[in-house]
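A structural walkthrough
This is what each chain is made of:
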Amino acid sequence: MTNIFYVEYDATHNSQFVFDIPNGHDCWLLVITQTPALFWVEGSLKEYPPHCAVLYKPHQKIYYRACAEQYINDWIRFETDEPYVIESSLPFGIPFPLDDPEYCHKLFQLLVIENSFNKDYRRSSIDHLLRTLFNKLLESYFREDIAPQHYNLIKLRAAIHNNPAHPWTVSEMAEILSISPGYLQVIYKKTFGLSCMDDVIQCRIRLAKEYLIHSHYTVAEIAERCVYRNVEHFCRQFKQMTGTSPRKYPKLNTGPNINRDDDKTKSLEINL
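Residues numbered from 1 in each chain as written. Predicted model: local features only at pLDDT ≥ 70, side-chain atom pairs only at ≥ 80, totals over all residues. Heavy atoms only, no water.

Moving on, we get to helix 3 (residues 122-141). Spanning 20 residues, helix 3 covers 28 Å between terminal C-alpha atoms, matching the ideal 28 Å at 1.5 Å per step. Looking only at helix 3, the buried set comprises R122, I126, D127, L129, L130, L133, F134, K136, L137 and S140. (Helix = DSSP H or I, 4+ residues; strand = E, 2+ residues; numbered from the N terminus. Expected span 1.5 Å × (residues − 1). Buried < 20%, exposed > 50% of the residue type's maximum accessible area, 1.4 Å probe, protein only.)

Written as structure tokens, this is what we have:
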């Protein structure tokens, strides 16, 4: 069971901010920074960049302070007997960079909301949110490295997955990150394991699958909605990625009664 004593996001302090608890709290403290900060680690003060997380166990020395004009963080003080916390592989009192700080920040916002209202499923919701947060922390901690453009790449990929019907191009994506198209393709594939345009295509095919199963659009209409200039190209790419044609896909996934294609598209797919 977990009990939250206090949780806050976007806590903002001036350049004089110091948090010094020599004997630690009687409970757990998790801090996620949004700005650079100085932390007492292994006997000395060390500066860490923004977007770091640090977990303090009960009765552990806590010392950190601002090292810029502002210090901003999210933090939670809590007690728990959950193994995902007390038996965690995370280091205690040593900051580490976050893989996806915006995701973690949203979890803090939700924790604040759940902790503020005494709803029927409050404890269950808080537990699930904390478990998810600790999963994200573990993903970050065991990540080998975080490149300088990593956070911008995360935002770009989220935009692609959220709006696959946008006419994405490598040039446009590179311009968003203010880097060259060639460099974008190198770091995107290194970060996510596929090229940026392959990611776009996968998202469009996934969207097409949704349309095929849950809409009454024709294949030609779906191709247009997924930003394909012609139906032939869409059908060819769909079959390459799924092993079946758009016309056959609904039947294979929802049964024999779904048929949304017009005659023109059917004959086109037979020829393909």
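Another aspect to go through is the pairing of strand 5 (residues 44-48). Bridge count between strand 4 (residues 37-41) and strand 5: 5 bridges; the pairing is antiparallel. Bridge pairing links L38 to E47 in strand 5. What sits between the antiparallel neighbours strand 4 and strand 5 is a turn of 2 residues, in which E42 has the positive phi angle 50 degrees. (Pairing = 2+ DSSP bridges.)

In a beta sheet, neighbouring strands are held together by backbone hydrogen bonds and run either parallel or antiparallel to one another. Ordered by their spatial adjacency, 5 strands build an open sheet running 1-8-3-6-9, and the pairing between neighbours is antiparallel. Looking along the sheet, the strands with just one partner apiece sit at the ends: strand 1 (2-14) and strand 9 (96-97). In this structure, strand 6 (residues 52-56) lies alongside strand 9, joined through 2 bridges in antiparallel fashion. Across the sheet, residue A53 finds its bridge partner in strand 9, namely F96.

A few words on the pattern of salt bridges. Counted according to the given criterion, the structure contains 7 salt bridges. Between E102 and K155 there is a salt bridge, with the nearest N and O atoms lying 3.4 Å from each other. Here K155 lies in helix 4 (residues 150-162) and E102 lies in helix 2 (residues 101-116), a separation of 53 residues in the sequence. Under the relative-accessibility criterion, E102 is labelled partly exposed at 39%. The partner of K136 in a salt bridge is E139, with the nearest N and O atoms 3.0 Å apart. With K136 and E139 both in helix 3, this residue pair falls 3 residues apart, about one helical turn. (Salt bridge = Lys/Arg side-chain N within 4 Å of Asp/Glu carboxyl O.)

On to the packing of helix 4 against helix 6 (residues 181-192), then. One can describe the packing of helix 4 onto helix 6 by two numbers: an axis separation of 11 Å at closest approach and a directional angle of 85 degrees. In terms of orientation, helix 4 lies roughly perpendicular with respect to helix 6. Seen from helix 4, the contacting residues are H150, L153, I154, L156, R157 and I160; seen from helix 6, they are L184, I187, Y188, T191 and F192. (Axes fitted to C-alpha atoms, helices over the stretch in contact; angles between N-to-C directions. Parallel < 35°, antiparallel > 145°, perpendicular 65-115°, else oblique. Contact = heavy atoms within 4.5 Å.)

Here the phi dihedral of D10 falls at roughly 60 degrees; this positive angle occurs in a residue that is not glycine. For D10, a relative accessible area of 34% puts it in the partly exposed group. Located in the positive-phi region is S178, a residue other than glycine, with phi close to 60 degrees. Note that S178 resides in the loop between helix 5 (170-177) and helix 6.

Take the packing of aromatic side chains next. For the coordinates displayed, the defined rule picks out 17 aromatic pairs. Note on F78 and F134: the rings are 6.4 Å apart at their centroids and 80 degrees apart in plane angle, and the pair reads as edge-to-face. Of this pair, F78 sits in strand 8 (residues 70-80) while F134 sits in helix 3, and the two are 56 residues apart along the sequence. You can call F78 buried: its relative accessible area is 0%. Its relative accessible area of 2% is what places F134 among the buried residues. (Phe/Tyr/Trp six-rings, centres within 6.5 Å; stacked < 30°, edge-to-face > 60°.)

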